Amino acid sequence: MVYLTFYWDTWAIFEGDEIFRMLQREDYIGETWQECCDKCSICWDWNDSDLVKGYEEKVIETDRQLKEISIHENGEEIDAPQEIYEYYKNAVGKLEKTNVNSRKKQQLNN
């Protein structure tokens, strides 16, 4: 089994130009690191509920940026090799492209 941890710099912008930031951690387990990346990439349109809880009506925008990916080896958490970052980025890109194409098809059919 492979364990990957994705660390995200997340933020929310509220009415009145207030900004709230937090570090978010997501853990994934899979047979391979590719499987972990694929599971994480499915969540590219992420759940921001922890970030805005109690202030949903005042939120203007939320976003996040990948800060770090770590892999667990021999009980230690170490920075993932560059190939994992690249694989993850490509997996998200494919899903985003598929999502855009699906929306275009829906618009054409309506």
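See the structure above.
Residues numbered from 1 in each chain as written. Predicted model: local features only at pLDDT ≥ 70, side-chain atom pairs only at ≥ 80, totals over all residues. Heavy atoms only, no water.

### Things to note about helix 1 (residues 33–41)
Note the threshold: Each residue's exposure class comes from its accessible area (1.4 Å probe, protein chains only) as a fraction of the maximum for that residue type: buried when under 20%, exposed when over 50%, partly exposed otherwise. Segments assigned H or I by DSSP are reported as helices when at least four residues long, segments assigned E as strands when at least two residues long, and all are numbered from the N terminus. Think of it as the arc spanned by the lines of direction from the helix axis to the C-beta atoms.
The set of residues buried in helix 1 consists of Trp 33, Cys 36, Cys 37, Cys 40 and Ser 41. Projected down its long axis, helix 1 carries its buried residues within an arc of 130°, all on one side.

### Focus on the pairing of strand 2 (residues 18–30)
Applied cut-off: For two strands to be treated as a pair, DSSP must find at least two bridges joining them.
Summarising the sheet, strand 1 (residues 2–14) and strand 2 pair through 13 bridges and their orientation is antiparallel. Along strand 2, the bridge assignment pairs Phe 6 with Glu 26. Following strand 1, the chain reverses through 3 residues before pairing antiparallel with strand 2; Gly 16 in that reversal takes a positive phi of roughly 85°.

### Some thoughts on unusual backbone geometry
Even without being glycine, Asp 17 reaches a positive phi, approximately 60°. One can find Asp 17 in the loop between strand 1 and strand 2. We classify Asp 17 as exposed; its relative accessible area is 65%. Although it is not a glycine, Asn 74 adopts a positive phi angle of roughly 50°.

### Side note on the side chain of Arg 64
Put simply, the test is: We define a polar contact as two N or O atoms separated by no more than 3.5 Å, with the added condition that, inside protein, one atom must be a possible hydrogen donor and the other a possible acceptor, whereas residues neighbouring each other in sequence contribute only through side-chain atom pairs. We call two residues contacting when some pair of their heavy atoms lies within 4.5 Å.
Position of Arg 64 relative to the elements: it lies in strand 3 (residues 59–73). Side-chain polar atoms of Arg 64 contact the side chain of Glu 26, separated by 2.9 Å. Among the polar contacts made by the side chain of Arg 64, one reaches the main-chain carbonyl oxygen of Cys 43 at a distance of 3.3 Å. For Arg 64, the residues in contact, after removing those within four places along its chain, are Trp 8, Asp 9, Thr 10, Trp 11, Gln 24, Glu 26, Cys 43, Trp 44 and Trp 46.

### Observations concerning the side chain of Thr 5
Along the polypeptide, Thr 5 turns up in strand 1. In terms of polar contacts, Thr 5 uses its side chain to reach the side chain of Asp 27, at 2.7 Å. Here His 72 takes part through its side chain, which lies 2.8 Å from a polar atom of the side chain of Thr 5. Residue contacts for Thr 5: discarding those within four places in its chain leaves Arg 25, Glu 26, Asp 27, Glu 68, Ile 69, Ser 70, His 72 and Glu 77.

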